[in-house]
Amino acid sequence: MSFKFDVIDERVPKIMGIFCWFIAFYLFIAFFSYLFTWQEDQDRVLRFSWSLFTQSDLQMANWLGRLGAIISNMFFYWGFGIPSFIFIFLMYSAGKALIKNIPMARFYSTFKYSLVILLLLSVLFESIMSESTFPWGGAFGEGRRAGDAEYCGLDSGIGVCG
């Protein structure tokens, strides 16, 4: 008697789709909380170390605690800023495609255009709101060292108001 696990079982994509939805929901709460709590948590998560997870006396203001603060800071400060919310859309769409058995090839154009929009919005937000202390465009949008006057000629090409 042999036991065979069928990888093409129809339950596996549905479970993966629900898992994608769970991640999207978790990211939404962490990101939304970051909008209100980033200043309180930033001094703790900027100097990230694995000991953040084991310190019992450390309290985070993020609604999802330490992990939520670390993940949202990673996406917003070290990543793409406010456009990081696009990752939630992508995770939700991937989950929906997996649950409804939609071929992932049809999801490719959505993924491609979402990433282009993510990159463009990150640079645009950082260019428009460069004086703000909030990481509107994240590290990708900044793309320069502090004190530089322009990013890829964007300021000199279209002007600060443009």
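Note that this is a predicted model, so its numbers are computed, not measured.

**Description of the overall build of the chain**
Helices and strands together make up the secondary structure of the chain, namely six helices and zero strands. When the helices and strands of the chain are listed from N to C terminus, the series reads α-α-α-α-α-α. By residue count, 34% of the 162 residues in the chain fall in the buried class. Residue pairs in contact within the chain that sit at least 24 positions apart in sequence constitute 63% of those at least 6 positions apart.

**Comments concerning the nonpolar core**
Across soluble globular proteins, nonpolar side chains show a tendency to be buried alongside one another. Counting twelve residues, the largest nonpolar core is built from Ala24, Tyr26, Leu27, Phe31, Tyr34, Trp38, Ile71, Phe75, Phe76, Ile82, Ile88 and Phe134. Sorting the residues of this core by element identifies helix H1 (11–45) and helix H2 (65–76) as the ones contributing at least two each. Those residues in contact with Phe76 that lie beyond four places of it in its chain are Phe31, Tyr34, Leu35, Gly81, Ile82, Ser84, Phe85, Phe134, Pro135, Gly138 and Ala139.

**Some details on a nonpolar patch on the surface**
There is a patch of nonpolar side chains on the surface, built from Phe28, Phe32, Phe36 and Trp63 and spanning about 450 Å² of accessible area. You can see Phe28 is positioned in helix H1.

**Topic: the packing of aromatic side chains**
According to the stated counting rule, one finds 20 aromatic pairs in the structure shown. Considering the side-chain rings of Tyr77 and Trp78, the 4.9 Å spacing of their centres and the 90° angle between planes classify their relative orientation as edge-to-face. Residue class for Tyr77 comes out partly exposed when judged on its relative accessible area of 29%. Seen in terms of ring centroids, Phe134 and Trp136 are 5.1 Å apart; in terms of plane orientation they differ by 70°. Their pairing is edge-to-face. Overall, the relative accessible area of 27% leaves Trp136 in the partly exposed class. In this structure, Lys112 packs its charged tip against the face of Tyr113, placed 5.2 Å from the ring centre.

**Things to note about the packing of helix H3 (residues 85–99) against helix H4 (residues 108–128)**
Where H3 meets H4, the axes come as close as 10 Å, and the angle between the chain directions of the two elements is 170°. In this view, H3 runs roughly antiparallel relative to H4, as classed from their interaxial angle. Only Thr110, Phe111, Ser114, Leu115, Ile117, Leu118 and Leu121 of H4 make contact with H3, whose side of the interface consists of Ile86, Phe87, Phe89 and Leu90. Its residues assigned to classes, the contact of H3 with H4 comprises nine nonpolar, two polar and no charged.

**Digging into H1**
Its 35 residues place the ends of H1 only 38 Å apart at the C-alpha level, less than the 51 Å of an ideal helix rising 1.5 Å per residue. When the local axis directions of H1 are compared, the greatest deviation, roughly 85°, occurs at Thr37.

**Regarding H2**
Its twelve residues place the ends of H2 16 Å apart at the C-alpha level, agreeing with the 16 Å of an ideal helix rising 1.5 Å per residue. The buried fraction of H2 is high, at nine of twelve residues. Listed as buried for H2 are Arg66, Gly68, Ala69, Ile70, Ile71, Ser72, Asn73, Phe75 and Phe76.

What counts, and at which threshold
- Residues numbered from 1 in each chain as written.
- Predicted model: local features only at pLDDT ≥ 70, side-chain atom pairs only at ≥ 80, totals over all residues.
- Heavy atoms only, no water.
- Helix = DSSP H or I, 4+ residues; strand = E, 2+ residues; numbered from the N terminus.
- Buried < 20%, exposed > 50% of the residue type's maximum accessible area, 1.4 Å probe, protein only.
- Contact = heavy atoms within 4.5 Å.
- Core = buried A, V, L, I, M, F, W, Y, C linked by side-chain atoms within 4.5 Å.
- Patch = residues over 30% accessible without salt bridge, like charges linked within 9 Å, V, L, I, M, F, W, Y side chains within 5 Å.
- Areas by Shrake-Rupley, 256 points an atom, 1.4 Å probe, with all protein chains shown as cover.
- Salt bridge = Lys/Arg side-chain N within 4 Å of Asp/Glu carboxyl O.
- Phe/Tyr/Trp six-rings, centres within 6.5 Å; stacked < 30°, edge-to-face > 60°.
- Lys NZ or Arg CZ within 6 Å of the ring centre and 35° of its normal.
- Axes fitted to C-alpha atoms, helices over the stretch in contact; angles between N-to-C directions.
- Parallel < 35°, antiparallel > 145°, perpendicular 65-115°, else oblique.
- Nonpolar A, V, L, I, M, F, W, Y, C, P; charged D, E, K, R; others polar.
- Expected span 1.5 Å × (residues − 1).
- Bend = angle between axes of the 7 residues up to and from the residue.

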